[in-house]
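Commentary on secondary and tertiary structure
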Amino acid sequence: MKRRDFLKTVAVGTTACLPDVAALLDAQDAAPPTTMGIVEYSFSVNPRTKSTLDFLECTHALGAGGVQTGLDKLSPDYLEQVRRRASELHMYLEVIVGLPDGGRVDDFERHVVAAKQAGAFCLRSACLSGRRYEDFSSLDEWKRFVAGAKKRIALALPIVEKHRMPLGLENHKDWTASELVSLMKAYSSEYLGVCLDTGNNLSLLDDPMDLVESLAPYAFSTHFKDMAVEEYPEGFLLAEVPLGQGFLNLRHAVDVIRKAKPRIHFSLEMITRDPLRVPCLTDKYWASFPDRGGLYLARTLRLVREHRSSKPLTKVSGLSRDSRQKLEEENVRQCLAYAGRELGLEERPAGAG
């Protein structure tokens, strides 16, 4: 069944996800489908993205080629439904999990086993849920976090190796590129790698293309995004924007990642939110960066000034829930259309690798 025909048959069932199905059909005719998938964090207010099965249906209707999401149920019957539905839709599945701690090792293994039963290609996790420059006020605090993160990785590694399930750690505004490479080398496991986020490490003053080139050899999965920037008194503002509307060299990023990992999936993380403040001109920002210096700051501020957004960065805090949902979906649709049209991520025939 062609994607447009599928949309026609499920239009009534997907109106919670697609408020204007006719407009989407027109957009699908105008833009090529794409193999790019969608990360669940691209949606924050859509009720159709709260279960794994619903997320598959919703993102397929939008034209995506796969998903990176959590599993909302771990029963064998449900996991089989997820596996079968993803296969029917010719969509890939990557599963988001939390790293284990001393009391959650069994729970982590249950999620690893469940992800494998659901047909997941890999797992994605992160060591820090927040942001390094906001969460840590001293170098000692950062060092305690690093020690704890390494313990959690050490707990996870035997489990993913046992079940032969690759685990990608995201550069989640915690590790600099060099720190994450060092972490990969220290463990040197074929089942431990990276979920490569193309935009996050600007907030840590890493050059975005240097980051891609250094992490691509370790990548199991991606959070693919474009970024826009502008200065503010304490540093700079950083915002995800629809692909092609920011300043990242996206085609080069795709080429570098594909060369290193030809079978990797590109998963969109288009977070529609207010711009993030990166206060790199404050004392607190530098508290947990013993190896960063003036060169990193000067290079990043120069990049911000050279690529300052030509229009004010979008804010969503004043929007109604409905308006925010529509904006999220429009941003995602624009990204998927761009990925197929400009990035060589056009849809392959069913069954292609």
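In what follows, the structure referred to is the one given above.
All values reported here derive from a predicted model rather than from experimental measurement. (Residues numbered from 1 in each chain as written. Predicted model: local features only at pLDDT ≥ 70, side-chain atom pairs only at ≥ 80, totals over all residues. Heavy atoms only, no water.)

1. Some remarks on the packing of aromatic side chains
All told, the structure shown has 10 aromatic pairs when counted by the stated rule. Measuring from centroid to centroid gives 5.6 Å for Phe 224 and Phe 266, while their planes differ by 85°, and the two rings are edge-to-face. Here Phe 224 is found in the loop between β7 (219-223) and β8 (226-232), whereas its partner Phe 266 is found in the loop between α10 (250-260) and β10 (267-268), with 42 residues between them in sequence. Pair check on accessibility: Phe 224 and Phe 266 agree, each one buried. Seen from their ring centres, Tyr 285 and Phe 289 are 5.1 Å apart, and the 20° between their planes marks the pair as stacked. Through pairs of rings, three or more aromatic residues link up here, namely Tyr 133, Tyr 285, Trp 286 and Phe 289. Over the ring of Phe 289 we find Arg 132, and its NZ or CZ is 4.3 Å from the ring centre. Its guanidinium or amino end placed over the ring of Tyr 296, Arg 292 lies 3.7 Å from that ring's centre, counting from NZ or CZ. (Phe/Tyr/Trp six-rings, centres within 6.5 Å; stacked < 30°, edge-to-face > 60°. Helix = DSSP H or I, 4+ residues; strand = E, 2+ residues; numbered from the N terminus. Buried < 20%, exposed > 50% of the residue type's maximum accessible area, 1.4 Å probe, protein only. Lys NZ or Arg CZ within 6 Å of the ring centre and 35° of its normal.)

2. Remarks on helix α7 (residues 139-162)
Since one α-helical turn is 3.6 residues long, residues separated by three or four positions face the same way. Taking 1.5 Å of rise per residue, 24 residues should cover 34 Å, and α7 covers 35 Å from first to last C-alpha, within 8% of that figure. Along α7, the helix axis deviates most sharply at Ala 156, where the bend reaches about 25°; the proline Pro 158 sits within four residues downstream. Looking at the buried side of α7, the elements it contacts are α5 (105-117), β4 (123-125), α6 (132-135), β5 (167-170), α8 (177-187) and β6 (192-197). Phi turns positive, to about 55°, at Arg 164, one or two residues after α7. (Expected span 1.5 Å × (residues − 1). Bend = angle between axes of the 7 residues up to and from the residue. Contact = heavy atoms within 4.5 Å.)

3. Focus on the sheet that holds β10
Across the sheet, which stays open at both edges, the 8 strands sit in the order β7-β6-β5-β4-β3-β2-β1-β10 with parallel pairing between neighbours. Bordering the open sheet on either side are β7 and β10, each of which pairs with just one other strand. Bridge count for β6 against β7 is 4 bridges, and the pairing is parallel. Within the sheet, the bridge partner assigned to Val 194 lies in β7 and is Ala 219. With respect to the sheet, helix α3 (residues 52-62) is in contact with β1 (37-39) and β2 (66-69), its orientation differing from that of β2 by roughly 140°. (Pairing = 2+ DSSP bridges. Axes fitted to C-alpha atoms, helices over the stretch in contact; angles between N-to-C directions.)

4. Notes on the side chain of Glu 109
Structurally, Glu 109 can be placed in helix α5. Reaching out from Glu 109, the side chain makes a polar contact with the side chain of His 163 at a distance of 2.7 Å. With sequence-adjacent residues up to four places away left out, Glu 109 is seen in contact with Ile 159, Lys 162 and His 163. (Polar contact = N/O pair within 3.5 Å; in protein donor to acceptor, adjacent residues only side chain to side chain.)

5. Concerning the packing of α5 against α7
Geometrically, a packed helix pair is captured by the angle between its two axes and the distance between the axes. Where α5 contacts α7, the two axes come as close as 10 Å, and the packing angle between them is 30°. Accordingly, the angle class assigned to the pair α5 and α7 is roughly parallel. Between α5 and α7 lies a crossing of right-handed hand. The residues of α7 that touch α5, namely those facing Val 105, Phe 108, Glu 109 and Val 112, are Leu 155, Ala 156, Ile 159, Val 160 and Lys 162. (Parallel < 35°, antiparallel > 145°, perpendicular 65-115°, else oblique. Left-handed = near helix turned anticlockwise from the far one by under 90°.)

6. Overview of the pairing of β5
Burial along β5 is two-sided: Leu 167 and Leu 169 and Gly 168 and Glu 170, pointing in opposite directions, are all buried. Strand direction decides the pairing type here: β4 and β5, joined by 3 bridges, are parallel. Residue Ser 125 lies in a different strand from β5, and its bridge partner there is Leu 169. When β5 meets β6, the two strands line up parallel, connected through 4 bridges. Directly across from Gly 168, in β6, lies its bridge partner Gly 193. Handedness of the crossover joining β5 and β6 through α8 is recorded here as right-handed. (Right-handed = clockwise from strand over helix to strand, strands pointing away.)

7. Quick look at the pattern of salt bridges
When their charged atoms lie close together, side chains carrying opposite charge are able to pair. For the structure on display, the rule yields 19 salt bridges. Asp 107 is paired through a salt bridge with Arg 110; the nearest N and O atoms lie 3.6 Å apart. With Asp 107 and Arg 110 both in helix α5 and 3 residues apart, this pair spans about one turn of that helix. According to the relative accessible area criterion, Asp 107 is partly exposed, its value standing at 25%. One salt bridge connects Arg 273 with Glu 240, and the closest N-O pair in it is separated by 2.8 Å. Residue Arg 273 is found in the loop between β10 and β11 (276-278), and its partner Glu 240 is found in strand β9 (residues 235-241); the two are separated by 33 residues along the sequence. When its relative accessible area of 7% is taken as the criterion, Glu 240 is described as buried. One connected set of salt bridges, linked through shared partners, spans Asp 197, Lys 225, Glu 240, Glu 269 and Arg 273. (Salt bridge = Lys/Arg side-chain N within 4 Å of Asp/Glu carboxyl O.)

8. Observations regarding the pairing of β7
With 5 of its 5 residues buried, β7 lies for the most part within the structure. A crossover connection joins β6 to the parallel β7 through helix α9 (residues 208-215); in handedness this β-α-β unit is right-handed.

9. Quick notes on the sheet that holds β8
As summarised here, the arrangement of the 3 strands in space is β8-β9-β11, forming an open sheet in which the pairing is antiparallel. Edge strands, defined here as strands with exactly one partner in the open sheet, are β8 and β11. Ignoring strand direction, the axes of neighbouring strands in this sheet form an average angle of 30°. Both β8 and β9 contribute to a ladder of 7 bridges, which runs antiparallel. The residue of β9 that forms the bridge with Glu 231 is Phe 236. Across the face of the sheet, helix α11 (residues 294-306) comes into contact with β8 and β9 while running at roughly 100° to β8.

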